[in-house]
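# Coordinate inspection notes
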Amino acid sequence: MAAGAAARMGEEELDLALVKRVQAGDNAAFDLLVRKYQHRIGAVVGRFVPEPAECQDVVQDAFIRAYRALPNFRGEAQFYTWLYRIAVNTAKNHLVARKRRPPASDVSAEDAEHLDLASRLHDHDTPERQLLRQEIEQAVADTVAQLPEELRQAITLREVDGLSYEEIAQLMQCPIGTVRSRIFRAREAIDARLRPLLDNERVRP
Amino acid sequence: MSREYLHDELPVDLREQLCAWMDGELPADQAAFLQRRLAHDPELRALWERWQLASACLRRQPLRLMPADMGECLVVQVQEATAPRRRHWPWAAGLAAAVLLAALLPRMTVMETPPALPESPRMAAEATPLAAPPRGPMSPVNDGPRATEDVLQPRPWPRSPLAPGEREMEAYLVRHNALVGDQGLGGFMPYVDVVVHETDAQAETTADDAAETDTATEDERR
């Protein structure tokens, strides 16, 4: 979808802006990139390194490698695609270093997004983590389902269909400011359910 | 919707800006302000992380939850790995300098003293202090009556403990003269006279320059 591609371009520009800040020495921007992508990179690495603690180490190693390589990142590819490759290579190197054989075939970053079901069939995460992830996903789905129609439509068009605010405003026949407000209120509602789950997770040993 | 978990501590406009910035829909000037705020506001960064997590869930992206503090740990790691060495240098250098100074200070103190030569109590006793040279008009500063008084006081001249007394010097010169004469190298060298004359001449010149040093010169002659 061309409109969705335009909206995603805005998100890619945001990633690129964060990358440039990291390149300028702003480590807080790197923290934002880590917070944004750590769970997705965790899923990528988990396909190669199932054991939870080992997987976390490899994810950390991948981010450190990415940080060191960031000065050479020129934005020719999407940041997530670039990060995905680093994570895959880090996981493979980790397996080779431990004399374990990495998978024969590679999966691209785009295709990996569609391996959700397959990856969950072989989920080796800890039971607590699996439960927490299921709780989070369920909380998000339930909250969106309970949202007022205009909020649910706005957040769905943005997150699932990837439309820009302007495109959503045209579809919903309302000002852009209204779209912005609706998306914000929808996210606030979702966060109200997520926050206690994650706060409990933080105090969990 | 459970209102108790809404963010009372973060202003609504700030959260709205974060929401729009996340979608790449925030004007540049507001984005710059927000990024500065994000750099120093952990609560705002935590909100960013939760919204990103919710976004990934809505998009049905595969996830594997990482520890809550992974981002902070990673930032600490990269800061330590990439911190300029000179940031650690000042205290390390200071510590090293202090240790070095503590190690060398006793030796330096010892080296400042003259070489340990065997003292000769007899020679030290015979070493007569010389009068200080008169303080002439070298300094243009007029110190007043007290300065004049100081000048009039004869001061002992620092003398090497190795310098022999007058008797030893006379004996040495006589012996030297005899040896030189025996080898046909000439007669007696009036070394002592020259020294005496030079001292007198210097004292007289100084006396001409400053009248108040006359007394000191007389003391020296005595």
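Being a predicted model, the structure only gives us computed values, none of them experimental. (Residues numbered from 1 in each chain as written. Chains lettered and ligands numbered in written order. Predicted model: local features only at pLDDT ≥ 70, side-chain atom pairs only at ≥ 80, totals over all residues. Heavy atoms only, no water.)

## Concerning the overall build of chain B
In plain terms, the rule: Helix numbers and strand numbers start at the N terminus; a helix is a DSSP run of H or I with at least 4 residues, a strand a run of E with at least 2. Categorising residues by exposure relies on relative accessible area from a 1.4 Å probe, with only protein chains included: less than 20% of the type maximum marks a residue as buried, more than 50% marks it as exposed, and the intermediate range marks it as partly exposed. Contacts are residue-level and defined by heavy atoms, with any inter-residue pair within 4.5 Å sufficient. Surface accessibility in these figures is a Shrake-Rupley result with a 1.4 Å probe; residues are shielded only by whichever protein chains are displayed.
Each helix and strand in chain B was counted, giving 10 helices and two strands. Its helices and strands in sequence order give chain B the pattern α-α-α-α-α-α-β-α-β-α-α-α, from N to C terminus. Buried residues in chain B amount to 27% of all 222 residues. Summarising the internal contacts of chain B: among those between residues at least 6 apart in sequence, 52% fall at separations of at least 24. For chain B, the exposed surface amounts to about 15,400 Å²; the carbon and sulfur share of it is 59%.

## What about the environment of methionine 66 of chain B?
Secondary-structure assignment places methionine 66 of chain B in the loop between α3 (42–58) and α4 (70–82). Dropping the residues within four chain positions of it, methionine 66 of chain B is found in contact with Gln38, His39, Gly42, Cys55, Gln56, Val59 and Arg129 of chain A.

## Observations concerning the packing of helix α1 (residues 12–22) of chain B against α3 of chain B
How two helices pack is summed up by the angle between their axes together with the distance between the axes. Residues and elements named next belong to chain B. Going by this rule: Axes here refer to lines fitted to C-alpha atoms; in helices the fit is confined to the stretch in contact. Angles between the N-to-C directions go from 0 to 180 degrees. Put simply, angles under 35 degrees are roughly parallel, angles over 145 are roughly antiparallel, angles from 65 to 115 are roughly perpendicular, and the rest are oblique. Should the near helix be turned anticlockwise from the far one by less than a right angle, the crossing is left-handed, and should it be turned clockwise, the crossing is right-handed. Only Asp, Glu, Lys and Arg are considered charged in this grouping, and only Ala, Val, Leu, Ile, Met, Phe, Trp, Tyr, Cys and Pro are considered nonpolar; every other residue, Gly among them, is considered polar.
Viewed as axis vectors pointing N to C, α1 and α3 meet at an angle of 45 degrees, and their least axial separation amounts to 11 Å. Taken together, the axis directions place α1 and α3 in an arrangement best described as oblique. Note that α1 runs across α3; the crossing there is right-handed. Facing Leu14, Arg15, Leu18, Cys19, Trp21 and Met22 of α1, the residues of α3 in contact are Leu44, Leu47, Trp48, Trp51, Gln52 and Ser55. Tallied by class, residues from the contact of α1 with α3 come to nine nonpolar, two polar and one charged.

## Some points on the confidence of the model for chain A
Our working definition: Each residue carries a pLDDT value, the predictor's own confidence for that position, ranging from 0 to 100.
The predicted model of chain A has a mean per-residue pLDDT of 86, with 83% of residues at 70 or higher. Taken element by element, the predicted model of chain A shows its lowest mean pLDDT in helix α6 (residues 116–121) of chain A (51) and its highest in helix α8 (residues 149–159) of chain A (97).

## Brief notes about the interface of chain B and chain A
We count it as follows: Put simply, buried area is how much 1.4 Å-probe accessible surface two parts lose in total, over both of them, once they are put together. Only one rule defines a salt bridge in this text: a Lys or Arg side-chain nitrogen within 4 Å of an Asp or Glu carboxyl oxygen. Under the rule applied, a polar contact is a pair of N or O atoms within 3.5 Å (in protein, one hydrogen donor and one hydrogen acceptor; residues adjacent in sequence only if both atoms are side-chain atoms).
Counting residues at the interface gives 56 residues for chain B and 65 residues for chain A. Where chain B abuts chain A, roughly 6,100 Å² becomes buried across the two surfaces, and 59% of that area is made up of carbon and sulfur atoms. Viewed at the interface, chain A and chain B are joined by nine salt bridges. Inspection of the region where chain B meets chain A yields 23 residue pairs in polar contact (both at pLDDT 80 or more). If you list the elements that add at least two residues to the side of chain B that touches chain A, you get α1, α2 (28–40), α3 and α4 of chain B. Split by residue class, the side of chain B that touches chain A holds 30 nonpolar, 13 polar and 13 charged.

## Things to note about the nonpolar core
Note the threshold: Side-chain atoms within 4.5 Å are what join buried Ala, Val, Leu, Ile, Met, Phe, Trp, Tyr and Cys residues into a set we call a nonpolar core. An automatic or database domain assignment supplies the residue ranges for each domain.
Ranked by size, the top nonpolar core spans 87 residues in total, and within it Phe30 and Ile136 of chain A together with Trp21 of chain B carry the most contacts. Both domains that meet at this core, namely domain 1 (1–125) and domain 2 (126–200) of chain A, each give it at least three residues. Residues in contact with isoleucine 136 of chain A, not counting those within four places in the same chain, are Leu194, Leu197 and Leu198 of chain A together with Leu53, Cys57 and Leu65 of chain B.

## Let's talk about the packing of aromatic side chains
Residue and element names in this part refer to chain A. This is how it is decided: Here a Phe, Tyr or Trp ring, Trp counted by its six-membered ring, pairs with any other such ring whose centre lies within 6.5 Å, and the pair is stacked when the planes are under 30 degrees apart, edge-to-face when over 60, and tilted otherwise.
The final tally for this structure, using the stated rule, is nine aromatic pairs over all chains. Ring geometry for phenylalanine 79 versus tryptophan 82: centroids 5.7 Å apart, planes at 35 degrees, classification tilted. Of the two residues, phenylalanine 79 and tryptophan 82 both sit in helix α4 (residues 79–97), three residues apart, roughly one turn of that helix. Like phenylalanine 79, the residue tryptophan 82 is buried in the burial classification.

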